[in-house]
Amino acid sequence: MNCPNCQTEMAPAKRHGIDVDACPSCKGVWLNQQELDALEDEAFDLGDHEKGTLVFATEGSDRACPVCAKPLQGFMYRLYDLPLEFCAEGHGYFLDAGEDDRVLALMREEEARLKRSEKAEDRWTAHLKHLRSGNFFDRLRGLFE
Ligand SMILES: [Zn+2]
Ligand SMILES: [Zn+2]
């Protein structure tokens, strides 16, 4: 399989413990769907529905899929300003050199953000308990009687 960026033969490599195909020349990385999932799992544990290869603002790329040779589509990863390219036939994703590190960094930011929002939820739960401890709901119900 040749690198979509520079046509060098890609070689199997391990990035962050995940098997990928990497370009020895431009250091681009080719990931299939499972490998991108694995990279996300490596960064943090989300439910499958939370995993996001949210595709928006796609635009044609001048690079071609190394599997089927169709033009890759550019897209932004998870609303972040991280351009990736993917094959619309589902053959995989191409990351320029260092972008997989950026993906992991972004995922870790996301994880930190989620942890913060968990804390916010804890505060909300505590707040609800406080409300329930009184007769707040009785009074609320009273409004509708
Ligand atoms: Zn290359
Ligand atoms: Zn393809």
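Preceding this paragraph is the structure being described.
Computed from a predicted structure; not experimentally measured. (Residues numbered from 1 in each chain as written. Chains lettered and ligands numbered in written order. Predicted model: local features only at pLDDT ≥ 70, side-chain atom pairs only at ≥ 80, totals over all residues. Heavy atoms only, no water.)

Novice: Report on the overall build of the protein, specifying residues and quantitative values.
Specialist: Summing up its helical and strand segments, the protein has three helices and seven strands in all. Each helix and strand of the protein, placed in order from N terminus to C terminus, yields the pattern β-β-β-α-β-β-β-β-α-α. Within the span of the protein, comprising 145 residues, buried residues form 31% of the whole. Taking the contacts inside the protein whose residues are at least 6 apart along the sequence as the reference set, 42% of them involve residues at least 24 apart. Here the protein displays about 8900 Å² of accessible surface, and carbon together with sulfur accounts for 51% of that area. (Helix = DSSP H or I, 4+ residues; strand = E, 2+ residues; numbered from the N terminus. Buried < 20%, exposed > 50% of the residue type's maximum accessible area, 1.4 Å probe, protein only. Contact = heavy atoms within 4.5 Å. Areas by Shrake-Rupley, 256 points an atom, 1.4 Å probe, with all protein chains shown as cover.)

Novice: Describe the coordination of the zinc ion (ligand 2), naming the residues involved and giving the relevant values.
Specialist: Coordination of the zinc ion (ligand 2) by the protein is provided by Cys-65 (SG), Cys-68 (SG), Cys-87 (SG) and His-91 (ND1), with metal-donor distances spanning 2.0 to 2.3 Å. For the zinc ion (ligand 2), the four donor atoms are set out with angles of 106 to 116° between them, so the coordination reads as tetrahedral. Written as a sequence motif, the donor arrangement for the zinc ion (ligand 2) is C-x2-C-x18-C-x3-H. For His-91, a relative accessible area of 28% translates into the label partly exposed. (Donors = N, O, S within 2.8 Å, 3.2 Å for Na, K, Ca; no water. Tetrahedral: all angles 85-135°; square planar, octahedral: opposite > 155°, others 65-115°.)

Novice: Which residues make up the side chain of Glu-85, and what values do they have?
Specialist: Looking at where Glu-85 falls in the secondary structure, it is placed in strand β6 (residues 83–86). Within the structure, the side chain of Glu-85 is placed 2.9 Å from the side chain of Ser-61, a separation counted as a polar contact. The contact partners of Glu-85, leaving out residues within four places of it in the chain, are Ser-61, Arg-63, Leu-72, Gln-73, Gly-74, Phe-75, Gly-92, Tyr-93 and Phe-94. (Polar contact = N/O pair within 3.5 Å; in protein donor to acceptor, adjacent residues only side chain to side chain.)

Novice: Could you give an account of the pattern of salt bridges, with specific residues and numbers?
Specialist: Inspection of the entire model under this criterion finds four salt bridges. With a shortest N-O distance of 3.2 Å, Arg-63 and Asp-96 are connected by a salt bridge. Note that Arg-63 is positioned in strand β4 (residues 59–64) and Asp-96 in the loop between β7 (93–95) and α2 (99–133), a separation of 33 residues in sequence. On the accessibility criterion, Arg-63 (14% relative accessible area) is buried. A single network of salt bridges, built from pairs that share partners, joins Arg-63, Glu-85 and Asp-96. (Salt bridge = Lys/Arg side-chain N within 4 Å of Asp/Glu carboxyl O.)

Novice: Run through the side chain of Arg-63, naming residues and quoting values.
Specialist: There is a polar contact of 3.0 Å between the side chain of Arg-63 and the side chain of Glu-85. Setting aside residues no more than four positions away along its own chain, Arg-63 makes contact with Pro-4, Asn-5, Lys-70, Pro-71, Leu-72, Glu-85, Phe-94 and Asp-96.

Novice: An account of the coordination of the zinc ion (ligand 1) is needed here, citing residue identities and associated values.
Specialist: Protein ligation of the zinc ion (ligand 1) involves Cys-3 (SG), Cys-6 (SG), Cys-23 (SG) and Cys-26 (SG), the donor distances falling in the range 2.2 to 2.3 Å. Its four donor atoms give the zinc ion (ligand 1) angles of 100 to 121° at the centre, a pattern that matches the tetrahedral case. As a motif over one chain, the donors of the zinc ion (ligand 1) read C-x2-C-x16-C-x2-C. What makes Cys-3 buried here is its relative accessible area of 0%.

Novice: Break down the nonpolar core for me, with residues and values.
Specialist: With 14 residues, the main nonpolar core has Val-20, Val-29, Leu-31, Phe-75, Tyr-93 and Leu-95 as its most contacted residues. Within the residue set of this core, elements represented by two or more residues are β2 (18–22), β3 (29–31), β6, β7 and α2. In this structure, Val-29 is in contact with Met-10, Arg-15, Val-20, Asp-21, Ala-22, Tyr-93, Phe-94, Leu-95 and Asp-100, ignoring residues within four places of it in sequence. If you look at the next biggest cluster of nonpolar residues, it comprises eight residues, including Cys-3, Cys-65, Leu-72 and Cys-87. (Core = buried A, V, L, I, M, F, W, Y, C linked by side-chain atoms within 4.5 Å.)

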